[in-house]
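For reference, the chains in residue letters:
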Amino acid sequence: MDDAALTALLADVKTIAVVGCSRYPYKAAHAIPKRLQELGYRIVPVSPHADELLGERVYPSLADVDVPVDLVDVFRPAHEAPDVVRQAVEMGAPRVWLQLGIASADARAIAEQAGIGYVEDRCLGVDVTRLGLRPG
C-alpha cells in the first residue's frame, strides 16, 4: 500500500481498539499504543490480562468493546488474526491493521469479503508518525 492509500485509509481514524495491548512497557504492544495515544488517538485496550492500561478501561475481548472504533490494531499471532478480523467485522469496525510481522491470507480474505480496510505486516505507529497524521 502506498503512502496516499495509507493516508486515505487513516484520514478519519480517531479511536483505535488495540487487540493484545500489553501491560509491559518494554513490549511493542504497549509502546505503540502509548505513542498513538500521545499523538491524540483514543486507545481502547483489548486484553484478558488487565483491567486498566494507558489510563483506559480494558476490554477482555473485542466482542466486549461497547464503544465505536475506527480501526482495530492487532498485536496477536497470525493464527489468531482470522478470528480477530471476524470479530472486527461483527462489531462494525471499518478497518483492521495487523502489526509488523503479522500476516494472514485468511484474515485478508475475511476483510476483503466484508469490504473493510485491511493492512498487514506494517507498524501503525511508524506509519502514522512518518506520514505526520493526527486524529482529525
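The coordinates are above.
These numbers were taken from a predicted model, which means no experiment stands behind them. (Residues numbered from 1 in each chain as written. Predicted model: local features only at pLDDT ≥ 70, side-chain atom pairs only at ≥ 80, totals over all residues. Heavy atoms only, no water.)

J.: Please give an account of the packing of helix α3 (residues 81-91) against helix α4 (residues 105-114) that cites residues and values.
T.: For the pair α3 and α4, the least separation of the axes is 8 Å and the interaxial angle reads 20°. Judged on the interaxial angle alone, α4 and α3 are roughly parallel. Viewed along their axes, α3 and α4 form a crossing whose handedness is right-handed. Across the interface between the two elements, Ala81, Pro82, Val85, Arg86 and Val89 of α3 pack against Asp106, Ala107, Ile110, Ala111 and Ala114 of α4. Broken down by class, the residue content of the contact of α3 with α4 amounts to 8 nonpolar, no polar and 2 charged. (Axes fitted to C-alpha atoms, helices over the stretch in contact; angles between N-to-C directions. Helix = DSSP H or I, 4+ residues; strand = E, 2+ residues; numbered from the N terminus. Parallel < 35°, antiparallel > 145°, perpendicular 65-115°, else oblique. Left-handed = near helix turned anticlockwise from the far one by under 90°. Contact = heavy atoms within 4.5 Å. Nonpolar A, V, L, I, M, F, W, Y, C, P; charged D, E, K, R; others polar.)

J.: So what's going on with the pattern of salt bridges? Residues and values would help.
T.: Taken as a whole and judged by the stated rule, the model has 7 salt bridges. Here aspartate 12 and arginine 95 are joined by a salt bridge, their closest N and O atoms 2.3 Å apart. Taken together, the residues span a long stretch of sequence, with aspartate 12 in the loop between α1 (3-10) and β1 (15-19) and arginine 95 in strand β6 (residues 95-98) at a distance of 83 residues. Here aspartate 127 makes a salt bridge to arginine 122, at a shortest N to O gap of 2.7 Å. Here aspartate 127 falls in the buried class, since its relative accessible area comes to 4%. Note on arginine 122: relative accessible area 23%, which makes it partly exposed. (Salt bridge = Lys/Arg side-chain N within 4 Å of Asp/Glu carboxyl O. Buried < 20%, exposed > 50% of the residue type's maximum accessible area, 1.4 Å probe, protein only.)

J.: An account of unusual backbone geometry is needed here, citing residue identities and associated values.
T.: Although it is not a glycine, leucine 54 adopts a positive phi angle of roughly 55°. Relative to the helices and strands, leucine 54 is located in the loop between β3 (52-53) and β4 (56-57). Classification of leucine 54 as buried rests on a relative accessible area of 17%. Here aspartate 121, not a glycine, exhibits a phi torsion of approximately 60°, which is positive. Examined against the element boundaries, aspartate 121 turns out to sit in the loop between β7 (117-119) and α5 (124-131). Here aspartate 121 falls in the partly exposed class, since its relative accessible area comes to 38%.

J.: An account of the pairing of β6 is needed here, citing residue identities and associated values.
T.: Burial along β6 is two-sided: Arg95 and Trp97 and Val96 and Leu98, pointing in opposite directions, are all buried. Pairing analysis gives 3 bridges linking strand β5 (residues 71-74) to β6, with the strands arranged parallel. In the strand pairing of β6, aspartate 73 is matched with tryptophan 97. Bridge count between β6 and β7: 3 bridges; the pairing is parallel. Its bridge partner being in β7, tryptophan 97 is matched across the sheet by valine 119. Handedness of the crossover is the feature at issue here: the chain leaves β6, passes through α4, returns alongside β7, and the resulting connection is right-handed. (Pairing = 2+ DSSP bridges. Right-handed = clockwise from strand over helix to strand, strands pointing away.)

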